[in-house]
Amino acid sequence: MKAKPNLTRRDHLKTSAKLLGFVLLLSEADIAFGAKILGVRIWPSEDYTRITLESDSALTVSHQVLTGPDRLVVDVQGLELNPTLKDLVAKVKPNDPYVSQIRVGQFQPNVVRLVFDLKEPIKPQLFTLNPVAEYQYRSVFDLYPSTPLDPLMELVKSSAKKEQALEKKNEEDLIAQFAHRNDPPVAQAIPTPKEPPPSQRFKRLITVAIDPGHGGEDPGAIGARGSKEKHIVLSIAKRLSDKIEAEPYMRPYLTRDGDYFVPLHTRVRKARQVGADLFISIHADAFIQPHAKGASVFALSQQGASSTTARWMANKENASDLIGGINIKTKDSQVAHLLLDMSTTAQIKDSVQAGSSVLQRIGGFAPLHKNKVEQAGFAVLKAPDIPSILIETAFISNPKEEAKLNDEAYQERIAEAILQGIKDYFAKNPPVARRATS
Ligand SMILES: [Zn+2]
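Residues numbered from 1 in each chain as written. Predicted model: local features only at pLDDT ≥ 70, side-chain atom pairs only at ≥ 80, totals over all residues.

A. Region of the structure containing the overall build of the chain. When its secondary structure is counted, the chain shows twelve helices and 14 strands. Buried residues in the chain amount to 36% of all 438 residues. (Helix = DSSP H or I, 4+ residues; strand = E, 2+ residues; numbered from the N terminus. Buried ≥ 20, exposed ≤ 12 C-beta atoms within 10 Å, placed from the backbone.)

Shown next as structure tokens:
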């Protein structure tokens, strides 16, 4: 009899536990259903199309690739269809290279299904990103073409005419020089001139890789008036690209030509794929104090940074991958390995020279933050075989300079100064007559 009240108490506890369990179950379901979509974004580009779902908690996502017709089916668990998610349907642009349309539906009570109808077969990469900068949790779907584009092939195609023209001109110069010596212009008998005139120094087209910083999910620095670094630097980069295109012995290559994110190592890899003779990364600076001003030019440092500011700046620019959203699992380990292993002494020496030429030209009309090329560990400057510089064109965080950076005439002047700096550098350091690639 003594035991009876105890039993009753135990029974009562059991019931409570059951009840508690039930309540827990309910609230779990609530949380799962409560995952809220905060934003949906789509970033189309020739390289790949990225779709980002931003939510207040991490989403569980599964996917399958189907053919005939090509489509990608993505199921998101613990989600109810809401207007933000439905917006995605309207965000697909007709000129998206890979996605023709997106369909969104409540597949099961707590599963939302997204169907991407595709224009060609793709290799998807799905990954999630934890909150960083102004972003909450992000689920990212990168749709890469099954047959990736070859940047060198595209560049050779687009610059074929110029290459032929340069070869023709080199031949004509040689013949003219020969005729000047009163020798008959017979092709086989042409002697090699001891000191070639400047017009003959460039035996092949010089390739300049232009790298507009940030893009897509990564806006870069933002000015007080709301200007985004990614837009300003793309505009300056395109102006520089046009100017280089207008030169008979140079061709430009842009690491991105639209508003989309390119991981830092991919920018380096692209420049190496096209056999770039020079790599120029274009940025706009930001600092806590709004009066900081002037342009800076950076080269890579072997160890350490030439100043605390330089180190701070490198950390800021290197954070691009975190904010822009890089799929760590598929990170190009081959490039990373190469970058770590190879000696960069010669590259740094050339980069400092190229940087000084550019800095001098910019200093001709704009204030400089530092009078000499600074050095720091910028990830984007680590191609072991390409002289590489990073230009902070001005401080977007300085209201006066933000206004200048938005001014088209000022953007032209900056682009022109960079071009003149590049020409100064190559006049002193003509690239050897080899083709690194092709
Ligand atoms: Zn930047």
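B. Representation of the nonpolar core in the model. Counting residues in each nonpolar core, the largest one holds 64 residues, and the members touching the most others are Ala209, Ile280 and Ile418. Excluding residues within four positions of it along the chain, Ile418 makes contact with Leu240, Ile280, Val358 and Ile391. Counting residues in hydrophobic clusters, the runner-up holds 24 residues, among them Ile37, Ile51, Leu79 and Leu129. (Core = buried A, V, L, I, M, F, W, Y, C linked by C-beta atoms within 7 Å. Contact = placed C-beta atoms within 7 Å.)

C. Structural context of the pairing of strand 4 (residues 71-77). Residues of strand 4 alternate between two faces, with Leu72, Val74 and Val76 buried on one and Arg71, Val73, Asp75 and Gln77 left unburied on the opposite face. Hairpin connection between strand 3 (residues 60-66) and strand 4: a loop of four residues separates the two successive antiparallel strands, and Gly68 in this loop has a positive phi of roughly 60°. In this structure, strand 4 lies alongside strand 6 (residues 111-118), joined through seven bridges in antiparallel fashion. Looking at the pairing, Arg71 lines up with Asp117 of strand 6. (Pairing = 2+ DSSP bridges.)

D. Structural detail: unusual backbone geometry. The omega torsion of the bond from Gly68 to Pro69 falls at -5°, within 30 degrees of zero and hence cis. Along the chain, the position of Pro69 falls in the loop between strand 3 and strand 4. Even without glycine at this site, Ala133 takes up a positive phi of about 50°. Along the chain, Ala133 falls in the loop between strand 7 (122-129) and strand 8 (137-145). Positive phi is not limited to glycine here, since His214 has a value of about 60°. Locating His214 in the fold gives a position in the loop between strand 9 (206-212) and helix 5 (229-245). Note on His214: 26 C-beta atoms within 10 Å, which makes it buried.

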